[in-house]
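Observations on the model geometry
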Amino acid sequence: MSKDCIEVKFMGLKPESEYQQIAKNILERLEEAAPANSNICLRVIKAGDSIKSICQIKGKDVHFKVLARGNSVFQALLLIEKKMKIRLNHWKQNRVFQTVNPFFEDMALQAK
């Protein structure tokens with residue numbers, strides 16, 4: 001599965017290397033579930049006493065955006081991954097493929 005852009009940015013805080021690795025691992029897991037050739041962006045922002053995380057996945061025909069807020073970077077990252085996986089799973093269960101392989105269409109017509 002090829003992705004055009006996968007990035008994580010921390011804004012208003014300097015994360016420990018452990019959190020940078022956790023964010024990278026989350027992006028890798030989301031990449032596996034995301035539509036092919038999509039962009040994945042994750043932002044972690046210091047927002048007063050809490051941490052806000054925003055994840056966006058943009059594909060050719062889909063755009064997902066999820067927000068989460070936690071008391072720590074770790075909590076915000078875990079919540080954003082959980083919420084995005086729910087969105088992606090919902091999309092996978094409800095998507096409808098627009099194209100039908102002509103080979104199978106011809107077989108169905110011949111069977112009549």
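Residues numbered from 1 in each chain as written. Predicted model: local features only at pLDDT ≥ 70, side-chain atom pairs only at ≥ 80, totals over all residues. Heavy atoms only, no water.

1. Comments concerning the pattern of salt bridges
- This structure, assessed with the given rule, holds three salt bridges.
- A salt bridge links R43 to E7, with the shortest nitrogen-to-oxygen separation between them at 3.1 Å. Residue R43 is found in strand 2 (residues 39-47), and its partner E7 is found in strand 1 (residues 5-11); the two are separated by 36 residues along the sequence.
- For E81, the salt bridge goes to R29, with nearest N and O atoms at 2.6 Å. Of this pair, E81 sits in helix 2 (residues 73-94) while R29 sits in helix 1 (residues 17-33); the two residues are 52 residues apart in sequence, bridging distant segments of the chain. (Salt bridge = Lys/Arg side-chain N within 4 Å of Asp/Glu carboxyl O. Helix = DSSP H or I, 4+ residues; strand = E, 2+ residues; numbered from the N terminus.)

2. A closer look at the packing of aromatic side chains
- On inspection of all chains with the given rule, the structure shows one aromatic pair.
- Ring geometry for F64 against W91: centres 5.9 Å apart, planes inclined by 70°, an arrangement best described as edge-to-face. Within this pair, whereas F64 is found in strand 4 (residues 63-70), its partner W91 is found in helix 2, the two being separated by 27 residues in sequence. W91 shares its class with F64; the two are buried. (Phe/Tyr/Trp six-rings, centres within 6.5 Å; stacked < 30°, edge-to-face > 60°. Buried < 20%, exposed > 50% of the residue type's maximum accessible area, 1.4 Å probe, protein only.)

3. Section: the sheet that holds strand 1
- One open sheet holds the four strands; their spatial order is 1-2-3-4, and the pairing between them is mixed. Of all strands in the sheet, those with a lone pairing partner are strand 1 and strand 4, marking the two edges. On average, adjacent strands in this sheet sit at an angle of 10° to one another, irrespective of strand direction.
- Two elements, strand 2 and strand 3 (residues 50-58), share nine bridges in a ladder whose sense is antiparallel. Residue pairing in the sheet places L42 in a bridge with C55 of strand 3.
- Strand contacts of helix 1: strand 1, strand 2 and strand 3, with the helix running at about 150° to strand 1, the strand carrying the most contacts. (Pairing = 2+ DSSP bridges. Axes fitted to C-alpha atoms, helices over the stretch in contact; angles between N-to-C directions. Contact = heavy atoms within 4.5 Å.)

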